[in-house]
Amino acid sequence: LVIENIKQANDDGADLLSHAKVVGFEYENNKIVAVKVEDLLSGETFTVKSHVVINTTGPWSDTIRQLDGSDEKPAQMRPTKGVHFVVDKSKLTVSQPIYFDTGEQDGRMVFVLPRENKTYFGTTDTDYTGDFEHPTVTQEDVDYLLRVVNHRFPNANLSINDIEASWAGLRPLIDSNNASDYNGGDAGRLSERTFDELVTLFDDYSQNKVERSAVEDKLQDLGSNTSERGDGSPSSVSRGSDLSVSDSGLFTLAGGKITDYRKMAKGAMEKVIPAVTDLTGKNYDLVQSSTYPVSGGQFDPNSYETAMEKFANVGVARGLTYGQSLKLAKLYGSNMNRVVAYLPVAKEYAAKYDYPVDIAVSLIYALEEEGVYTPLDFFARRTTLMLFQHDKMLEVKDAVSQTIIDHFGLDQATADQQNKTLDEEIAKAELQYLK
Ligand SMILES: Cc1cc2nc3c(=O)[nH]c(=O)nc-3n(C[C@H](O)[C@H](O)[C@H](O)COP(=O)(O)OP(=O)(O)OC[C@H]3O[C@@H](n4cnc5c(N)ncnc54)[C@H](O)[C@@H]3O)c2cc1C
């Protein structure tokens, strides 16, 4: 979702940088006029001039505010760590996402979700003060989630050895509120009655008893009454998020949830546009965010299956099997034409390094159009291979690495470093240090 948003921004004219770290600011008359950036691949630093800078670094928001230093405000983030585990579907089967009380009297819910041929479950929610770049799964996390899930599914009898992949992340929570992943905090919690009404409405809709508009109206109603409510002030762009501006003009948009991202972005843009207009005299219109598709989303969402079939046939016409092509169609949507355009070169690499052409074409597209530079970018941040097709990733990782070396003409030292980083992340995902 994040990558497709970024790609759409690029199609709309944005310039993008990856593996680039903001390390400082430049000022004129005590106002920020540029950011200093370190290229994490080459180690070089350079500056990017800007009328307005928005700090949207999630858990790192305070770090960037400290780099600015124009305000003496205390830290506002209180990140918590959450982990998820992936097991084979044969070990734990659910036909649809479910969630349930942990049974640990901690007021938390745990989710179990089917995905591809795997099932994943999570999450934990513990205060975090360690290294932000490398939050890791601990033995306590494993014990907690296995206890909760085995209690709910006694026949599963899961042990740490069943965990094929895992990940840990930080929630950018704001100290002053209780936002949770799913409902935006206690203040926005749905009542049992509203929840039941919603379930009934969804059922009715799936059986064609009510129109789609009835569901949309209900959701809109909820949005303006519960967790999504904002009162229009900068500090309540969306429940659980916070927008502030420092004396030097640095905007910081933090907190919230990914579900709220369009609402948060809209709230921020409503403040940022006047600031840019003041400086440049130019005016800008907001896009209609609720109907503006992300990259790959140029199709009618009400005819999803038909659209996927159509996109899959684009690959079949270029020699892919229907199965391979449908998988790609579901990942790339209306970008399928752009993806299959790389088939001739993908076929060469697939033959040269003996790996499936659908993975090769995904890779070449990612190298050309998704800013991928390392195998880790590809496996962990552009595809689901690291988490949900772990075995497949292990089979193709050398071939992928070789393709990247050839594509960019990398020297041996760079390639070795990329492979070392990948192997470390694989060991982490597999929880090798706990097994
Ligand atoms: C386990 C877990 C489960 C969750 N479940 C849900 C859910 O079900 N629903 C939901 O809505 N939300 C959920 N969330 C929350 C959601 O993931 C976050 O709210 C969202 O990712 C925040 O986005 P962000 O862009 O603000 O921060 P991030 O996604 O953390 O992105 C911040 C970015 O800033 C970059 N950065 C940091 N410092 C610098 C610097 N100096 N220069 C340049 N870049 C920098 C980082 O590399 C990173 O890419 C969950 C989070 C976790 C951890």
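Our structure is the block above this text.
None of the values given here were measured: they were computed from a predicted structure.

Undergrad: I'd like a rundown of the sheet that holds strand β4 (residues 53-55), residues and numbers included.
TA: Two strands in a sheet stick together by hydrogen bonds in their backbones, pointing the same way (parallel) or opposite ways (antiparallel). Reading across the sheet, the three strands line up as β4-β12-β11 and stay open at both edges, with mixed pairing between neighbours. In this open sheet, the two strands that pair with only one neighbour each are β4 and β11 (241-245). The average undirected angle you get between the axes of adjacent strands in this sheet is 15°. In terms of strand pairing, β4 meets strand β12 (residues 250-255) through three bridges, oriented parallel. When the bridges of β12 are listed, V53 appears paired with L250. On the sheet, helix α2 (residues 61-68) packs against β4 and β12 and is oriented at approximately 165° with respect to β12. Packed on one face of the sheet, helix α6 (residues 261-280) meets β4, β11 and β12 and runs near 175° to β12.

Undergrad: Residue-level account of the packing of helix α10 (residues 343-353) against helix α14 (residues 390-408), with values.
TA: Between α10 and α14, whose axes approach to 10 Å, the crossing angle comes to 125°. Overall, the two elements α10 and α14 adopt an arrangement that is oblique. When the axes of α10 and α14 are compared, the crossing they make is right-handed. For the pair formed by α10 and α14, the contact residues are Y349, K352 and Y353 on the first element and A399, Q402, T403, D406 and H407 on the second. For the contact of α10 with α14, the class distribution of residues is three nonpolar, three polar and two charged.

Undergrad: Residue-level account of the nonpolar core, with values.
TA: In this structure, Y355, F378, F379, M386 and V400 are the most contacted members of the largest nonpolar core, which totals 43 residues. Of all the elements, helix α11 (residues 357-369) adds the most residues to this core, at nine residues. Not counting the four nearest positions on each side in its chain, V400 is found in contact with Y355, I359, L363, P375, F378 and F379. If you look at the next biggest cluster of nonpolar residues, it comprises 22 residues, including L92, V110, V137 and I163.

Undergrad: So what's going on with a nonpolar patch on the surface? Residues and values would help.
TA: A surface patch of nonpolar side chains, amounting to about 460 Å² of accessible area, comprises L1, V2, I6, L16 and I258. For I6, the location among the structural elements is in helix α1 (residues 2-11). The class of I6 is partly exposed, set by a relative accessible area of 37%.

Undergrad: How would you summarise the pairing of β12 if you had to cite specific residues and measurements?
TA: β12 sits mainly inside the fold: six of its six residues count as buried. Looking at chain direction, β11 and β12 are connected through five bridges and run antiparallel. Paired with D242 across the bridge in β12 is A254. Hairpin remark: β11 followed by β12, antiparallel, with four residues in the connecting loop; positive phi at G249, about 95°.

Undergrad: Explain the sheet that holds strand β1 (residues 20-28) to me, and be specific about the residues and the numbers.
TA: Strand order in the open sheet made by the three strands is β1-β2-β3, with antiparallel pairing throughout. Lying at the two open borders of the sheet, with one neighbouring strand each, are β1 and β3 (45-49). Sheet twist, expressed as the average angle between the axes of neighbouring strands with direction ignored, equals 30°. Examined bridge by bridge, β1 and strand β2 (residues 31-39) share eight bridges and lie antiparallel to one another. The partner of A20 across the bridge, within β2, is D39. Running at roughly 30° to β1, α2 makes contact with β1 and β2 of the sheet.

Undergrad: Residues and numbers for the environment of P356, please.
TA: For P356, the position within the fold is in the loop between α10 and α11. Classification of P356 as partly exposed rests on a relative accessible area of 27%. Put simply, P356 and Q324 are 32 residues apart on the chain and 9.4 Å apart in space, counted from C-alpha to C-alpha. If we skip the residues at most four places from it in the chain, P356 touches A350, K392 and V396.

What counts, and at which threshold
- Sequence positions are assigned chain by chain, starting from 1 and proceeding in written order.
- At least 70 in pLDDT is required for a residue's local features to be given in this predicted model, at least 80 for side-chain atom pairs to be given and counted, and no such filter applies to totals for whole chains, interfaces and linings, which use all residues.
- Hydrogen atoms and water are omitted, and side-chain values are computed over all heavy atoms in the structure.
- Pairing between strands is defined by DSSP: at least two bridges between the two strands are required.
- Going along the chain from the N terminus, every DSSP run of H or I of four or more residues is numbered as a helix, and every run of E of two or more is numbered as a strand.
- Inter-axis angles, ranging from 0 to 180 degrees, are taken between N-to-C directions of lines fitted to C-alpha atoms, where helices are fitted over the stretch in contact.
- Any two residues having at least one pair of non-hydrogen atoms within 4.5 Å are treated as being in contact.
- The labels follow the angle: roughly parallel below 35 degrees, roughly antiparallel above 145, roughly perpendicular from 65 to 115, and oblique for the rest.
- When the near helix sits turned anticlockwise from the far one by under a right angle, the crossing is termed left-handed; a clockwise turn instead gives a right-handed crossing.
- Gly is placed with the polar residues, together with every amino acid not listed as nonpolar (Ala, Val, Leu, Ile, Met, Phe, Trp, Tyr, Cys and Pro) or charged (Asp, Glu, Lys and Arg).
- Nine residue types can take part in a nonpolar core, namely buried Ala, Val, Leu, Ile, Met, Phe, Trp, Tyr and Cys, and a core is a set of them joined through side-chain atoms within 4.5 Å.
- Note on exposure labels: buried denotes an accessible area under 20% of the residue type's maximum, exposed denotes more than 50%, and partly exposed covers the range between, all computed with a 1.4 Å probe on protein chains only.
- Patches in this entry comprise residues that are over 30% relatively accessible and not in a salt bridge; like charges within 9 Å are linked, as are nonpolar side chains (Val, Leu, Ile, Met, Phe, Trp, Tyr) within 5 Å.
- Here the accessible surface of atoms and residues is derived via Shrake-Rupley with a 1.4 Å probe, and residues count as covered only by protein chains that are part of the display.
- We count a salt bridge whenever a side-chain nitrogen from Lys or Arg sits within 4 Å of a carboxyl oxygen from Asp or Glu.

Bear in mind that shape data such as this cannot, by itself, settle questions of function.
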